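In case you want the letters, here they are:
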Amino acid sequence: MNASSIVTIALTDPGEGLTEAEILEIKVAVGDRLEINDPVVEVETAKSAVELPSHVAGTVVEILVAVGEEVPVGAPLMRVDTTGGTAPSPAPAAPAAAAEADPSAAELSAQATEQAAEQAEGQTEQPDAPSEGEGAPAAQEPKNLVGYGERATGTRRRRRRAQPAQPAAEQQVPIDRILAKPPVRKLARDLGIALHDVLATGPEGTVTRQDVLNAQQRSYGAEPAAHDGAGAYFPEESPQAPEHLGDVMKTTRDQPFSGVTSDERTTRVPIRSVRKRTAEAMVASAFTAPHVTVFNEIDMTGVTRIVSQLRASREWADVKVSPLAVIAKALLVAIRRNPEVNASWDEDAQEIVYKHYVNLGIAAATPRGLIVPNLKDAHLMTLRELAEGIGELARTARAGRTSLRDTRDGTITITNYGVFDIDSGTPILNPGESAILGVGAIKEKPWVVDGRIEPRRVATLSLSFDHRLIDGALGAELLRDVSAVLEDPSLGLVWG
């Protein structure tokens, strides 16, 4: 291996206008053989998780990032030897007796390890990126990528994810020469912990992330407690609960991650990725577009009957049909009758832009946060195409595979908080859009039908709109037309 054969793989923009990304998973280890287009890392962008491929073939000789780090575009991820040689194997740990007999050798080894760690960390004057373990949820164990299968070389342990062995308490000794990976050093800086004061428990005296957290607790006069994994304050399906937060709520003695404050009463989690982008978008929307929301309670019995009939039909056996698809069709019919609502406000040009197409957004709650992918040219779709498109958007969003293209250029959005058994709400506009239709839970209620009280399937619709673009009367007419089609679906044939 020579210097000219070493190629650095850097974080590239996968065509989404990326400026920075969080490392979700490192898909290779030192010593792995790469081919061109093999995935090397998975990163989280503003809206989705994206696998980045290698542009060279060779052997991985060094990995420069860790899971949980947020790195800018252009930052080096790893180094590859393109000659095809194997990476140097890490030397086995020397027996304790040998280390005692030759302390100078141990010191030289420690110095070399520290220098490598400092080189990977870079200049201390550079802006810090969020580090591994800084309140971020723990990465799941990687699965084999479809089409690649098991590697012929057998099972390898990922160097940066391997949990360090924990020696007995009496073996913990302070070390003068500090060995710690860059993410651990950054965590110590963020917490105000001097590495010289940390009792190292990692291999060959390496300071681990848990060592730093234990030192933080000791600085407040508390002994670290083991996390027992019990408790579930948040429901399992909650899309926003940080990992282990439910356990902290149940027993404040446990300290599963660094965000737990010294008084054990609160938890701090870094704002990043989808949550950060969602917050920016919602603030921009709420303080830019003057919101108005109107409500209407309607009889959805006809919709539920149609859905039941379609589900029983053999022609629709391969399509997941839900009331949301029928609601989407009703909204598209209403937009056709009120085309002025399908517009956007161009502040720079001082113009109102009327759209001759509808890119219908479907708000989706995912483990990474709220995203709003949209169906392109939804106004041209049949009911079946809408049902298939909504199903595909939902599957892609939950898998974290939504592309940035799918979230751009939306015109009007539907948000279905009825799935959480909520009756109504005041949804906030997706930035750049004119309106958002909220759909509440469909519940059986008494309803007056031809002068008689009957049990009917009832739901509340709420329409928020940009009052710069849509006057109150126009907004009311749009919601009235949506309601009319849902209460009498045959109107869709007449108006559509």
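Residues numbered from 1 in each chain as written. Predicted model: local features only at pLDDT ≥ 70, side-chain atom pairs only at ≥ 80, totals over all residues. Heavy atoms only, no water.

### A short note on the overall build of the chain
Scanning the chain for helices and strands turns up 12 helices and 23 strands. For the chain, the residues scored as buried account for 42% of the 496 residues in total. Taking as baseline every contact in the chain between residues at least 6 positions apart, the subset at least 24 positions apart corresponds to 64%. Of the accessible surface of the chain, which amounts to about 26400 Å², a share of 52% is contributed by carbon and sulfur atoms. (Helix = DSSP H or I, 4+ residues; strand = E, 2+ residues; numbered from the N terminus. Buried < 20%, exposed > 50% of the residue type's maximum accessible area, 1.4 Å probe, protein only. Contact = heavy atoms within 4.5 Å. Areas by Shrake-Rupley, 256 points an atom, 1.4 Å probe, with all protein chains shown as cover.)

### Comments concerning the sheet that holds strand S3 (residues 33-34)
Strand order in the open sheet formed by 4 strands is S1-S8-S6-S3, with antiparallel pairing between adjacent strands. Each of the sheet's edge strands pairs with one partner strand only, and the pair in question is strand S1 (6-10) and S3. Of the pairings in the sheet, the one linking S3 to strand S6 (residues 58-63) comprises 2 bridges and is antiparallel in character. Residue pairing across strands places Arg33 opposite Thr59, the latter belonging to S6. (Pairing = 2+ DSSP bridges.)

### A word on a nonpolar patch on the surface
A surface patch of nonpolar side chains, about 280 Å² in accessible area, is lined by Trp345, Ile352 and Tyr354. Relative to the assigned elements, Tyr354 resides in strand S15 (residues 351-354). Relative accessible area serves as the criterion here: at 45%, Tyr354 is assigned to the partly exposed category. (Patch = residues over 30% accessible without salt bridge, like charges linked within 9 Å, V, L, I, M, F, W, Y side chains within 5 Å. Salt bridge = Lys/Arg side-chain N within 4 Å of Asp/Glu carboxyl O.)

### Focus: the nonpolar core
Counting 48 residues, the largest nonpolar core has Leu331, Leu360, Ile414, Leu437, Leu461, Val482 and Leu486 as its most contacted members. For this core, the leading source of residues is helix H8 (residues 323-337), giving 11 residues. With sequence-adjacent residues up to four places away left out, Leu461 is seen in contact with Val294, Phe295, Asn296, Ile298, Leu437, Gly438, Val439, Leu479, Val482, Ser483 and Leu486. Among the nonpolar cores identified, the runner-up in size contains 22 residues, and Ile9, Leu34, Val43 and Ile63 belong to it. (Core = buried A, V, L, I, M, F, W, Y, C linked by side-chain atoms within 4.5 Å.)

### Quick word on H8
Between its first and last C-alpha, H8 extends 21 Å over 15 residues, near the 21 Å set by a 1.5 Å rise per residue. The buried count for H8 comes to 11 of 15 residues, which makes it a mostly enclosed element. Those residues of H8 that sit buried are Leu324, Ala325, Val326, Ile327, Ala328, Ala330, Leu331, Leu332, Val333, Ala334 and Ile335. (Expected span 1.5 Å × (residues − 1).)

### Quick notes on unusual backbone geometry
One non-glycine residue, Gln350, lies in positive phi territory at about 55°. Considering the arrangement of structural elements, one finds Gln350 in the loop between strand S14 (343-346) and S15. The exposure class assigned to Gln350 is exposed, which follows from its relative accessible area of 56%. One non-glycine residue, Asp409, lies in the positive phi region at around 65°. Checked against the element boundaries, Asp409 lands in the loop between helix H10 (404-407) and strand S20 (412-416).

### Focus on the packing of aromatic side chains
Counted according to the given criterion, the structure contains 0 aromatic pairs. A cation over a ring is seen here: Arg337 above Trp495, with NZ or CZ 3.8 Å from the ring centre. Positioned above the aromatic ring of Trp316, the side-chain terminus of Arg384 is 5.5 Å from the ring centre. (Phe/Tyr/Trp six-rings, centres within 6.5 Å; stacked < 30°, edge-to-face > 60°. Lys NZ or Arg CZ within 6 Å of the ring centre and 35° of its normal.)

### A few points about the pattern of salt bridges
Taken as a whole and judged by the stated rule, the model has 18 salt bridges. Close ionic contact of Arg33 with Glu35 constitutes a salt bridge, the shortest N to O distance being 3.7 Å. On the basis of relative accessible area, Glu35 is assigned to the partly exposed category, the value being 42%. A salt bridge links Arg401 to Glu42, with the nearest nitrogen and oxygen atoms 2.8 Å apart. With Arg401 in the loop between helix H9 (383-398) and H10 and Glu42 in strand S4 (residues 39-44), this pair connects stretches of sequence that are 359 residues apart. Overall, the relative accessible area of 8% leaves Glu42 in the buried class. Taken together, the shared-partner salt bridges connect Asp299, Arg452, Glu454 and Arg456 into one network.

### A short note on the packing of H8 against helix H11 (residues 472-487)
Where H8 contacts H11, the two axes come as close as 8 Å, and the packing angle between them is 135°. One element, H8, and the other, H11, form an angle in the oblique class. Here H8 and H11 pass one another in a crossing that is right-handed. From H8, Val326, Ile327, Ala330, Leu331, Val333, Ala334, Ile335 and Arg337 reach across to H11, where they touch Leu478, Asp481, Val482, Val485 and Leu486. Among the residues making up the contact of H8 with H11, the classes are represented as 11 nonpolar, no polar and 2 charged. (Axes fitted to C-alpha atoms, helices over the stretch in contact; angles between N-to-C directions. Parallel < 35°, antiparallel > 145°, perpendicular 65-115°, else oblique. Left-handed = near helix turned anticlockwise from the far one by under 90°. Nonpolar A, V, L, I, M, F, W, Y, C, P; charged D, E, K, R; others polar.)

### Re the confidence of the model for the chain
Chain-level statistics for the chain give a pLDDT mean of 76 and a share of 69% at 70 or above. Ignoring residues within four places in sequence, the model shows residues 85-176, a span with pLDDT below 50, making 123 contacts including any to other chains. Residue range residues 225-258 is modelled with pLDDT below 50. Its contacts to residues more than four positions away, or to other chains, number 54 contacts. (pLDDT = per-residue confidence, 0-100.)

### A few points about H9
Taking 1.5 Å as the rise per residue, H9 with 16 residues should run 22 Å; its terminal C-alpha atoms sit 23 Å apart, in good agreement. Within the sequence span of H9, burial applies to Leu386, Ala387, Gly389, Ile390, Gly391, Leu393, Thr396 and Ala397. Where H9 terminates, the next one or two residues include Gly400, which has phi positive at roughly 75°.

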